[in-house]
Amino acid sequence: MKHSILALALLGAFGAVQAQSSVTVYGAIDDGLAKVTDKTLAVTKRDSNKLGFRGTEDLGNGLKALFQLEMRFEPDTGTVESNTRPLFQGQTRVGLQGDFGMVRIGRGVTAVQDAKDAFDPFNGISGTPGFKSDVEVAGYTSQPLDPAGSSNDRFNNGLWYNSPVMGGVTLNLSAGTKEANGGAAVVGRGTIAAPQYAAGAPASSSPYSVAAVYKAGMFGAMLGYESNAIETKLLQAGFSVNPMTDLKLMATYARQDQDHSKASNAKTTGWLVGANYTVGSGRFLLGYGQKKPDAAITTKQASIGYEYNLSKRTFVYADVSDKKAATDVKYYGIGVHHNF
Amino acid sequence: MKHSILALALLGAFGAVQAQSSVTVYGAIDDGLAKVTDKTLAVTKRDSNKLGFRGTEDLGNGLKALFQLEMRFEPDTGTVESNTRPLFQGQTRVGLQGDFGMVRIGRGVTAVQDAKDAFDPFNGISGTPGFKSDVEVAGYTSQPLDPAGSSNDRFNNGLWYNSPVMGGVTLNLSAGTKEANGGAAVVGRGTIAAPQYAAGAPASSSPYSVAAVYKAGMFGAMLGYESNAIETKLLQAGFSVNPMTDLKLMATYARQDQDHSKASNAKTTGWLVGANYTVGSGRFLLGYGQKKPDAAITTKQASIGYEYNLSKRTFVYADVSDKKAATDVKYYGIGVHHNF
Amino acid sequence: MKHSILALALLGAFGAVQAQSSVTVYGAIDDGLAKVTDKTLAVTKRDSNKLGFRGTEDLGNGLKALFQLEMRFEPDTGTVESNTRPLFQGQTRVGLQGDFGMVRIGRGVTAVQDAKDAFDPFNGISGTPGFKSDVEVAGYTSQPLDPAGSSNDRFNNGLWYNSPVMGGVTLNLSAGTKEANGGAAVVGRGTIAAPQYAAGAPASSSPYSVAAVYKAGMFGAMLGYESNAIETKLLQAGFSVNPMTDLKLMATYARQDQDHSKASNAKTTGWLVGANYTVGSGRFLLGYGQKKPDAAITTKQASIGYEYNLSKRTFVYADVSDKKAATDVKYYGIGVHHNF
C-alpha cells in the first residue's frame, strides 16, 4: 500500500501518467572532405545533418495526432547548425491528420520551399554543389526579418495544411503570423537611419506560401507562390519526366519580386535543368542553372555528382561543381551520408 | 579472434561496455493561436514544451537508481525555452529510491513550487491564462541570483528528498548550495553603485524549500515554506476538495516576504480559487485570483478554459483570460497539446 | 488508394522512406557534493555528463556503417558543458568498419588523448581529483585555436583510423585540417598587436595524432605523438601491469614542446603513477603525479578515491585530493555515477 502510493507519487514527479508512446529517433549524418577555390582542404557537409524525434498517435475514426522535432548540427565541429541556429532548426510541429489531409502548427519549411526539392537534381542539398536557396529560388529567402542565423526556407509561427491527393494533385498551404522574431533591420526603401523595417520589426503583411504538386505516371510538376514578411514575392515552377525507369529529367523556374523593398532592380529570375541517372547501385546527378538579377551579374552554376549506395541507408558520394558570378568558385568533394 | 578483440576495442571507443538500459524518450508539444490586447495574433504555447530522457535501474533489495533529463523549447521558433534558458531547463537529476523515499541531486523544481500545481485550476501552465509564478506564488521567484533567462521555480545545485506516503502525507524537501550562478546584480537594500548582491554574487544563505502534501479521500492539502538565495521567504498553502467525482474545487494562498532585500513594502500576498469540472471527454477550468503588493497596484486575474480530450495523450483547448493590474490584458487562445 | 498515396506523401513530409534503424540512446549522469579549499560547498560533477545517440548498420561482407553523436551537459545547472561548449561536445562522427579497421570523420577525441585513459588510475575523469588534461598530459591542449569554451583533447574537422588488433597492438591515427574554428588570438612569439596567430586564424600546420596501444596478458602499454594547430608537440607514454587480478599498477609520462610558439621555457613534462585495487564491490583509486614547466612552479597532485558499485551501471564514490602549485588546493567529494 505504502509502496503503491509512493509509486504513484513518483510517477507524478516523473511526468504525466500515460502509456508509453513510440517515439522514433531518427536522423542523418553527412560528412566529407572538400576543396574549394582559394580555401584550404576542409572537412565539411554536403547535406544537412539532423537528429530528430517524431511520433504519431491513433485517435480513432481515421484521425491521427502527430509531432516532429528536428535538431540540426555541424558534423565537423559538433555545434548547432551554423553555430547560430535554433536548437530545433529543422522543425517543431504538432498536428492532426485525417481524411481531410494534415494540419500542423509551429516552425517548418514553407509549402513552396518544401515542394521544389523533387525537381532539383541535387534534391535540395544545402552544400556548395547544390542549387538550393541561391540559383533554384532566385536567391529568395522566406525569413528576411529573422536573426541572421535563421535558415532561408522556413516560417516561424506558422500554420500548415497538406491536402489529400486529389486526381494526382496535392495542395499545400502555409502561413505565418506577423510576429516579430528579433532580426536585424532591413533598410529596404528607407535609410540606414530610418530603415523600412527596424531591428526586431514585425511583418508588414502576414507571410504565406501555397504550392500545388502533381504526380501521375512518368510526369511530375509543381507550381507555387509565396510572399514573405517584407512582401517579397516568389513564383516557383517545377517539372519532371521519367522517359526511362532509370532516368529522371527535371527543370525549375523561379521569379523573385522585391518591388516592395527595392526601388530599382527588384526582379530576379532563376532556372535550373538537370538529370538523375541510375546505374546499378550508383546514381549520377547532373545540373545546370542560372540566376539573373536585374542589372547585375548573372550567376551560372554547373554541378556533377555521383552517389554509390552501400545500403538502403548509407551512400558515399563525389561531386564537382563550378559556380561563376563575380568570381569563379570550383568545388571538389567526397563524403559519406548515413541515415538512421 | 582478431575480430572479437577489435569488437572489444570498438566497444571501448563507443563507450562503456554495459547492458543496454531502457531509456524512455518522452515529452510534450503544446502550440496554438492567441490574441492578446494590443498585440498581433500570435502562434504561441499555453503549457511548457519538453523533450525528455529518463530511466530507472533496479538495484535489488527494493532500491532503484533513477535519472531524468528534460529539455524545454519554443514550439513556434524551435529555440530553447525563451531562447535563453539552459538546454536542460526542465531538470537534470539523478538519484536513488527505496523504502526510505527518494533522494535526488542536480537541478529541478523546488519542493514548494512542485507541490502547488495540484491546487491550481490551470495545473501550473506557464501561458498567459495560467496563474503560475505571478498570482499564485505572489510573484516570488526561486532563482533571483540566476541569469535573467532562468526560470522562476527551480534550484540549481540542489538536493531533493521525497518521503514515502505516511498516513496520507508526503514530505518533500529541497535545498541548494550558496554557489553563484552568474546572474545580474540585485540592488536590494544597496545602491546601483554598491548593490546588495553584486553581479555573479553567491547566495547570502543556502536556499531551501519544504512542503508537506496531504491526500485522503475527497480532500487534498499542501503547506510549504521556501527561502531563496537572497533570503526572500515564501509561505504557500493549498487546499482541494472533490464534492463529486467530476468536480474539484481548490484554493491557494501565498505570502512573500522580501524584508531582507527591501526597505519598505516588502510583503506580497496572492490567493487563488478555482474549479475543474469534467463533462464527458471535456473539462472546464475556472480560476480567479489576486496578488496584493504592499502599497502598490493589486493584480486581479480571471480565467476560463476548456479542454477536450481527443485521446489519453492529446487534447485541444480554448481559453479566455482577463488580467487587470496597471493595464487590462485580455487573452483569447486555442491550441493543441500532445504528450508523447 | 487515396489514403495510401497520402500516407506516402506524409512519409515524405516526415523524412526519408526507410526501414527504422535501431538508434541507441545512452549516457551518463554524475553528480555529487564537493568542498574545495576557499570555496563554498558545491554540487558538482566528478566525471563528464553525457547524452548520446549511436548506431551501426550492417552493410554485408563484414562491413558496417556507424555513427555517434554525444552531447555533454552540466548536471547541476542543466546547461551545455561549461555553458559554452558545442551542443555535441562529446563527438559527432560517422564512419565505416571492416576487416581493415575503422575510419571515421567529424569531431572527436584525438588518438593520443583517447589512448591514455587506460593508464590513468582515475580513468580520465574531468573533475578536480582526476589528473586529466593538466598533470597527465603536461598541460597540453589539442585545440589551442578553438574558442575558449572548447575542450582540450579533441580535433574538429578530423579524420580517424583505428587498425584491427595485430599481435596485441592497435594503431590509432587522427588528423585535422587547417580550417579556422574562430578562436581568440594566440600571442605566441608575436606581440599583442601582432599575435603569432590572429583571432580566428587557421592552423599553421595540419594537426595530427598517432598512438600505438599494446595489450597482452598482464601487460598494457601505449606510445603516442601529437602535433596541434600551433605546432605544439606532445609525446605521451603509458604502461600498466596487473600483478594480481584485483590489482592494476600504472604509470604515464608526457612531454610537451612549445618551441614553435614560445621563445623560452618551451618544455613541460608530466608524470603520473597510480593503482586500482578491487575489494568485493568496491575499488580503491590511488594516484600521484607531477608537472614540471621549464623555469616555473612544479605542480604536485595526490588523489585517493573509492568507488562502490551498487550495480553494473551505478556506483557511489568518495575522493580526497591535494594539488600543490602556486597554491595548495584540497578537495573532498562524494557523489553518484549512473550510466544509462
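What you see is a predicted model, and the numbers here were worked out from it, not measured in a lab.

> Outline a nonpolar patch on the surface, listing residues and values.
A cluster of nonpolar side chains, contributed by M166, L171, L173, Y208, V210, L223, Y225, L235 and Y253 of chain A, occupies part of the molecular surface with about 720 Å² of accessible area. Counting through the fold element by element, L171 of chain A comes out in strand β8 (residues 169-176).

> Kindly report on the relation of the copies chain C and chain A, identifying the contributing residues and their values.
Superposing chain C onto chain A takes a rotation of 120° plus a shift of 0.0 Å along the axis, which leaves an RMSD of 0.0 Å. Both chain copies can therefore be described as sitting about a three-fold axis. The share of interface residues of chain C whose copies in chain A are also at the interface is only 13%, consistent with the copies meeting through different surfaces.

> Please provide a residue-by-residue account of the interface of chain C and chain A, values included.
With 39 residues of chain C in contact, the opposing surface of chain A contributes 44 residues. Where chain C abuts chain A, roughly 3,600 Å² becomes buried across the two surfaces, and 70% of that area is made up of carbon and sulfur atoms. Taken together, the connections running from chain C to chain A amount to 1 salt bridge. At the junction of chain C and chain A, the tally comes to 8 residue pairs in polar contact (both at pLDDT 80 or more). Taken together, the residues of the side of chain C that touches chain A break down into 21 nonpolar, 13 polar and 5 charged.

> Which residues make up unusual backbone geometry, and what values do they have?
In this model, A138 of chain A sits at a positive phi of 55°, which is unusual for a non-glycine residue. Within the secondary structure, A138 of chain A is located in the loop between α2 (111-115) and β7 (154-162). Located in the positive-phi region is A295 of chain B, a residue other than glycine, with phi close to 50°. Note that A295 of chain B resides in the loop between β14 (282-293) and β15 (299-309). Residue classification places A295 of chain B among the exposed positions, given a relative accessible area of 69%.

> An account of the interface of chain B and chain C is needed here, citing residue identities and associated values.
Counting residues at the interface gives 39 residues for chain B and 44 residues for chain C. A salt bridge links R313 of chain C to E57 of chain B; the shortest N-O distance between them is 3.8 Å. Counting only elements with at least two residues in the side of chain B that touches chain C, the list comes to α1 (2-13), β3 (49-60), β4 (63-73), β5 (91-98), β6 (101-109) and β7 (154-162) of chain B. The biggest single contributor to the side of chain B that touches chain C is α1 of chain B, with 6 residues. Looking at side-chain class alone, the side of chain B that touches chain C contains 21 nonpolar, 13 polar and 5 charged residues.

> How would you sum up the pattern of salt bridges? Please name residues and give values.
Residue and element names in this part refer to chain C. All chains considered together, the criterion is met by 60 salt bridges over all chains. Note that K132 is salt-bridged to D153, the shortest N-O span being 2.9 Å. Of this pair, K132 sits in the loop between α2 (111-115) and β7 (154-162) while D153 sits in the loop between α2 and β7, and the two are 21 residues apart along the sequence. On the basis of relative accessible area, D153 is assigned to the buried category, the value being 5%. Among the salt bridges present, the one from D257 reaches K267, with a minimum N-O distance of 3.7 Å. Here D257, found in strand β12 (residues 247-257), pairs with K267, found in strand β13 (residues 267-279); they are 10 residues apart in sequence, far enough to count as distant.

> Before we move on, can you summarise the pairing of strand β9 (residues 208-216) of chain A with the specific residues and values?
Residues and elements named next belong to chain A. In this sheet, β9 lies alongside β8 in antiparallel orientation, the contact comprising 7 bridges. Across the sheet, the residue bridging to V169 is Y214, located in β9. Looking at chain direction, β9 and strand β10 (residues 219-227) are connected through 9 bridges and run antiparallel. Following the sheet pairing, Y208 is matched in β10 by S227. The turn linking β9 back onto β10 is made up of 2 residues, and G217 within it adopts a positive phi angle of 55°.

Calculation criteria
Residues numbered from 1 in each chain as written. Chains lettered and ligands numbered in written order. Predicted model: local features only at pLDDT ≥ 70, side-chain atom pairs only at ≥ 80, totals over all residues. Heavy atoms only, no water. Patch = residues over 30% accessible without salt bridge, like charges linked within 9 Å, V, L, I, M, F, W, Y side chains within 5 Å. Areas by Shrake-Rupley, 256 points an atom, 1.4 Å probe, with all protein chains shown as cover. Salt bridge = Lys/Arg side-chain N within 4 Å of Asp/Glu carboxyl O. Helix = DSSP H or I, 4+ residues; strand = E, 2+ residues; numbered from the N terminus. Least-squares fit on C-alpha atoms with pLDDT ≥ 70 in both. Contact = heavy atoms within 4.5 Å. Buried area = accessible area lost by both parts, 1.4 Å probe. Polar contact = N/O pair within 3.5 Å; in protein donor to acceptor, adjacent residues only side chain to side chain. Nonpolar A, V, L, I, M, F, W, Y, C, P; charged D, E, K, R; others polar. Buried < 20%, exposed > 50% of the residue type's maximum accessible area, 1.4 Å probe, protein only. Pairing = 2+ DSSP bridges.

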